[in-house]
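Letter by letter, the chains look like this.
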Amino acid sequence: MDVTSSLAGSFGATLESAPLGAIGVNRVRGSAQDVYRRRRAIAQSRSNYYYLLCKTDSPWVAVQDGRSARMLPGDLVLVDSRRCYELQSG
């Protein structure tokens, strides 16, 4: 995936990861960012995943398969890594 940020000069992020049986749980904290997964990245990937995503602090937008959903803090969305997607901050 690719990441861009309007705060590129002061961007910061942390990732905490823990196994939970057959799945992994990640907690990402950081500056505002937009995340993209494009065909090129999908073609180069050996593994595919489903991501159940939740952002707790501010609204954001999830885009996949030509559909866009405005997400509010606490909302969940399931994303398929085998298809292009965009996760846009506020």
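In this text the structure is predicted, and so the values were computed from the model without any measurement.

Attention shifts here to the packing of aromatic side chains. Taken as a whole and assessed by the stated rule, the structure comprises 1 aromatic pair. Geometrically, the ring pair formed by tyrosine 49 and tyrosine 51 is tilted, given 6.1 Å between the ring centres and 40 degrees between the ring planes.

What follows deals with the environment of leucine 53. By the secondary structure assignment, leucine 53 is in strand S5 (residues 50–54). A relative accessible area of 22% means that leucine 53 is categorised as partly exposed. Considering only alpha carbons, one finds leucine 53 and leucine 87, 34 residues apart in sequence, at a separation of 9.9 Å. For leucine 53, the residues in contact, after removing those within four places along its chain, are Trp60, Asp75, Leu76, Val77, Val79 and Leu87.

It is worth spelling out the side chain of arginine 37 at this point. For arginine 37, the location among the structural elements is in strand S4 (residues 34–37). Despite its burial, arginine 37 pairs with no opposite charge, the nearest such side chain being aspartate 80 at 7.6 Å. One polar contact links arginine 37 to serine 45, side chain to side chain, over a distance of 3.4 Å. Residue contacts for arginine 37: discarding those within four places in its chain leaves Met1, Ile42, Ser45, Ser81, Cys84 and Tyr85.

Conventions and cut-offs
Residues numbered from 1 in each chain as written. Predicted model: local features only at pLDDT ≥ 70, side-chain atom pairs only at ≥ 80, totals over all residues. Heavy atoms only, no water. Phe/Tyr/Trp six-rings, centres within 6.5 Å; stacked < 30°, edge-to-face > 60°. Helix = DSSP H or I, 4+ residues; strand = E, 2+ residues; numbered from the N terminus. Buried < 20%, exposed > 50% of the residue type's maximum accessible area, 1.4 Å probe, protein only. Contact = heavy atoms within 4.5 Å. Lys, Arg positive; Asp, Glu negative; His and termini not counted. Salt bridge = Lys/Arg side-chain N within 4 Å of Asp/Glu carboxyl O. Polar contact = N/O pair within 3.5 Å; in protein donor to acceptor, adjacent residues only side chain to side chain.

Everything listed is a geometric property; what it means functionally is a separate question.
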